[in-house]
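For reference, the chains in residue letters:
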Amino acid sequence: SQQGEEDPQALSIQEGENATMNCSYKTSINNLQWYRQNSGRGLVHLILIRSNEREKHSGRLRVTLDTSKKSSSLLITASRAADTASYFCAPFGNEKLTFGTGTRLTIIP
Amino acid sequence: NAGVTQTPKFQVLKTGQSMTLQCAQDMNHEYMSWYRQDPGMGLRLIHYSVGAGITDQGEVPNGYNVSRSTTEDFPLRLLSAAPSQTSVYFCASRLSGSYNSPLHFGNGTRLTVT
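Not measured: the values here are computed from a predicted model.

Would you take a moment to explain the pairing of strand β1 (residues 4-7) of chain B for this structure?
When a strand is regular, its side chains alternate between the sheet's two faces. Residues and elements named next belong to chain B. The alternating pattern of β1 places Val4 and Gln6 on a buried face and Thr5 and Thr7 on a face that is not buried. As paired strands, β1 and strand β3 (residues 19-25) are joined by 4 bridges and run antiparallel to one another. Looking at β3, one finds that Thr5 is bridged to Ala24.

In structure tokens form, the structure reads like this:
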């Protein structure tokens, strides 16, 4: 299965702190994507890292990819209340994009 | 730009009834897909399509039919609803020609089967 597994399942931090969540997968990939889901809404694409990249930044987001360990991490710096959401990784190797159960991030004001 | 539009937002069905969940996108995306999201299960792929006239099964296709007669629309049909199909359904689309094209999601249809 190409599905990613996010860890931890849930994470609570104080506003202003950094949040790190991890993703592991099992097959070879072309890229790995991270998505956010606010309660009751559809998923929103955050960032994509290609298989030949090791690190990528977008605003307060930093993504790393280690294809030898089949793992990725998403770091959100200087967290805000609006970052409260579920975060999903999606390893992509063919036409299908599958998702795990996500990391539920709660930012405490 | 409306993006991906799903209708209805909410639906209650009785066991055995049929219905069609609508999905439309205005981004000229070749690839469209349907997911269901259940607590503790993540998102599971039901069916997908890489272009008009082409559909294929995902992880959990049983009990669902799809067709793709136009680029814009990708309806999901439940022929005989069952309580196990109570879920939130999401439609998503992307460009098909590039592996690096992200998925765009609709805001979901919340279906309850009693």
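Here the narrative resumes, following the displayed structure.
How should the pattern of salt bridges be read in this particular structure?
Where charged atoms of side chains with opposite charge meet at close range, the side chains can pair. All names here are of chain B. What the rule picks out here adds up to 4 salt bridges over all chains. For Arg44, the salt bridge is made with Asp38, and the minimal N-O distance between the two is 2.8 Å. Residues joined in a network through salt bridges with shared partners are Arg36, Asp38 and Arg44.

What is the right way to look at the pairing of strand β8 (residues 71-76) of chain A in this model?
Residues and elements named next belong to chain A. Taken across its 6 residues, β8 has 5 buried, putting it largely inside the fold. Bridge analysis of strand β3 (residues 19-24) against β8 gives 6 bridges, and the strand direction is antiparallel. Within β8, the position partnered with Ala19 by the bridge is Ile76. Summarising the sheet, strand β7 (residues 61-66) and β8 pair through 6 bridges and their orientation is antiparallel. Opposite Leu65, over in β8, you have Ser72 as the bridge partner. What sits between β7 and β8 in their antiparallel hairpin is a turn of 4 residues, with Lys70 showing a positive phi close to 50°.

In this structure, what is going on with the packing of aromatic side chains? I would like to understand it.
Two numbers describe a pair of aromatic rings. These are the distance of the centres and the angle of the planes. In this structure the tally under the stated criterion is 9 aromatic pairs over all chains. Ring geometry for A:Tyr35 against B:Phe105: centres 6.0 Å apart, planes inclined by 80°, an arrangement best described as edge-to-face. With one member in each of two chains, A:Tyr35 in strand β4 (residues 31-37) and B:Phe105 in strand β10 (residues 104-105) form a pair that bridges those chains. Here A:Tyr35 and B:Phe105 have matching classes, each one buried.

It is not clear to me how the sheet that holds strand β5 (residues 43-50) of chain A should be interpreted in this structure. Could you clarify?
What holds strands together in a sheet is hydrogen bonding between their backbones, with the strands either parallel or antiparallel. Residue and element names in this part refer to chain A. The strand order across the open sheet built from 5 strands is β2-β10-β9-β4-β5, with neighbouring strands paired in mixed fashion. Taken across any chain shown, the strands that pair with only one partner, and hence form the sheet edges, are β2 (10-14) and β5. Taken pair by pair, the neighbouring strands of this sheet meet at an average axis angle of 25°, ignoring direction.

Which parts of the structure should I look at to understand the state of the cysteines?
Disulfide: a covalent bond connecting the sulfur atoms of a pair of cysteines. All told, the structure shown has 2 disulfides over all chains when counted by the stated rule. Two residues share a disulfide in this structure: A:Cys23 and A:Cys89, whose sulfurs sit 2.0 Å from each other. Residues A:Cys23 and A:Cys89 share a disulfide whose torsion about the S-S bond is about 70°; that sign makes it right-handed. Separated by 66 residues along the polypeptide, A:Cys23 in strand β3 and A:Cys89 in strand β9 (residues 85-92) bring together distant segments of the chain. By the burial criterion, A:Cys23 is buried, and A:Cys89 matches it. In this model, B:Cys23 is linked to B:Cys91 through a disulfide, with the two sulfur atoms separated by 1.9 Å. Between B:Cys23 and B:Cys91, the disulfide has an S-S torsion of -70° and is therefore left-handed. Pair noted here: B:Cys23 is in strand β3 and B:Cys91 is in strand β9 (residues 87-94), with a separation of 68 residues, a long-range link. Side by side, B:Cys23 and B:Cys91 carry an identical accessibility label, which is buried.

It is not clear to me how the side chain of B:Arg36 should be interpreted in this structure. Could you clarify?
All names here are of chain B. By the secondary structure assignment, Arg36 is in strand β4 (residues 31-38). A distance of 2.9 Å separates polar atoms of two side chains, one belonging to Arg36 and the other to Tyr64. Each residue touching Arg36, except ones within four places of it in the same chain, is listed here: Gly42, Leu43, Arg44, Ile46, Val60, Tyr64, Ser84, Gln85, Thr86, Ser87, Val88 and Tyr89.

Calculation rules
Residues numbered from 1 in each chain as written. Chains lettered and ligands numbered in written order. Predicted model: local features only at pLDDT ≥ 70, side-chain atom pairs only at ≥ 80, totals over all residues. Heavy atoms only, no water. Buried < 20%, exposed > 50% of the residue type's maximum accessible area, 1.4 Å probe, protein only. Helix = DSSP H or I, 4+ residues; strand = E, 2+ residues; numbered from the N terminus. Pairing = 2+ DSSP bridges. Salt bridge = Lys/Arg side-chain N within 4 Å of Asp/Glu carboxyl O. Phe/Tyr/Trp six-rings, centres within 6.5 Å; stacked < 30°, edge-to-face > 60°. Axes fitted to C-alpha atoms, helices over the stretch in contact; angles between N-to-C directions. Disulfide = S-S within 2.5 Å. Polar contact = N/O pair within 3.5 Å; in protein donor to acceptor, adjacent residues only side chain to side chain. Contact = heavy atoms within 4.5 Å.

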